[in-house]
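Descriptive analysis of the structure
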Amino acid sequence: MNAIEADAIVTRIGGRTLHDGVSFNVPRGKIVALIGASGVGKSVLLREIIGLSRPAAGTIRLLGTDVWRAPEDELNGLRRRFGMMFQDGALFSSLTVAQNVATPLREHAFIPAHLLEPLVQLRIAFAGLPPDAGARMPSELSGGMRKRAAVARALALEPELLFLDEPTSGLDPVTARGFDKRVRFLSDELGLTVFLVTHDLDTLLGIVDRAIVLAGGKVVAEGTVAELRQIDDPWLRSYFGTHGT
């Protein structure tokens, strides 16, 4: 079973058709990137996949569950099986990092009080943060640390599937590559399926197993980086051309 199955997705915004029959599958245990030019609706599609925005037509299945047709109790169970890191991190500014990470555990899991702190510290460690980061406020963290804190929260319920929206956006190159290595570690060590939206070619070249290319409202290509390099498409030639051959 695939982790994600999108079939004939149609999205209309303000009278404009943004997606016109988008279909793709994401296999379990892989890191898969969604790429494409600005404005093609990558983040919109991501929101549809996780159930935040409803497409005009089509079917989306996450871990075997139809996101837009399943009953609410089944959807509640599904939401505990995936984690999401939004582009800006979306941490609660009035809570410490540890409190942010603990929020999903308090809301969705019946964790005894004496186990909560060690579980939170474990998630913080998995995200690559130092132990003392838990006591800090989001405003006290660098951009890279805020993103890692958001990943720690996304990992709180031990998900099978992790979504990342522009995870390295706004990070300096060294911090970005460190973040990439952490994502690869999580996929390899925890068996996570990772689906990410990115513009970052270095992320694509460094850690991604497969990529899906969105253009003109459709999936125009998908495959490994090596396979995508062989496709005669103007946008892909320009995209890969920024990194040489």
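From a predicted model like this one, the values you see are computed outputs, not experimental measurements.

A turn of α-helix holds 3.6 residues, and therefore any two residues three or four places apart point the same way. The first and last C-alpha atoms of helix H4 (residues 113-126) sit 21 Å apart over 14 residues, in line with the 20 Å expected at 1.5 Å per residue. The secondary structure elements touched by the buried residues of H4 are helix H3 (97-108) and helix H5 (143-154). Where H4 ends, the next residue or the one after it, Gly128, has phi of about 85 degrees, a positive value.

Turning to the nonpolar core, a few remarks are in order. Of all hydrophobic cores here, the largest spans 45 residues; its most connected members are Val151, Leu164, Val194, Leu204 and Phe240. Looking at this core, the element that brings in the most residues is H5, giving five residues. Sequence-distant contacts of Val194, that is, excluding residues within four places in its chain, are made with Lys30, Ile31, Val32, Leu162, Leu164, Val183 and Ser187. Formed by 30 residues, the second largest nonpolar core is a distinct cluster that contains Val67, Leu78, Ile212 and Leu214.

What follows concerns the sheet that holds strand E2 (residues 16-26). In a beta sheet, neighbouring strands pair by backbone hydrogen bonds and run either parallel or antiparallel. The sheet built from four strands is open, its strands ordered E2-E1-E4-E5 with antiparallel pairing. Bordering the open sheet on either side are E2 and strand E5 (65-66), each of which pairs with just one other strand. One ladder, built from eight bridges, connects strand E1 (residues 4-13) with E2; its direction is antiparallel. Bridge pairing in E2 links Ile4 to Val26. Docked against the sheet, helix H1 (residues 42-49) engages E1, E2 and strand E4 (57-62), running at close to 60 degrees with respect to E2.

Cut-offs used in this document
Residues numbered from 1 in each chain as written. Predicted model: local features only at pLDDT ≥ 70, side-chain atom pairs only at ≥ 80, totals over all residues. Heavy atoms only, no water. Helix = DSSP H or I, 4+ residues; strand = E, 2+ residues; numbered from the N terminus. Expected span 1.5 Å × (residues − 1). Contact = heavy atoms within 4.5 Å. Core = buried A, V, L, I, M, F, W, Y, C linked by side-chain atoms within 4.5 Å. Buried < 20%, exposed > 50% of the residue type's maximum accessible area, 1.4 Å probe, protein only. Pairing = 2+ DSSP bridges. Axes fitted to C-alpha atoms, helices over the stretch in contact; angles between N-to-C directions.

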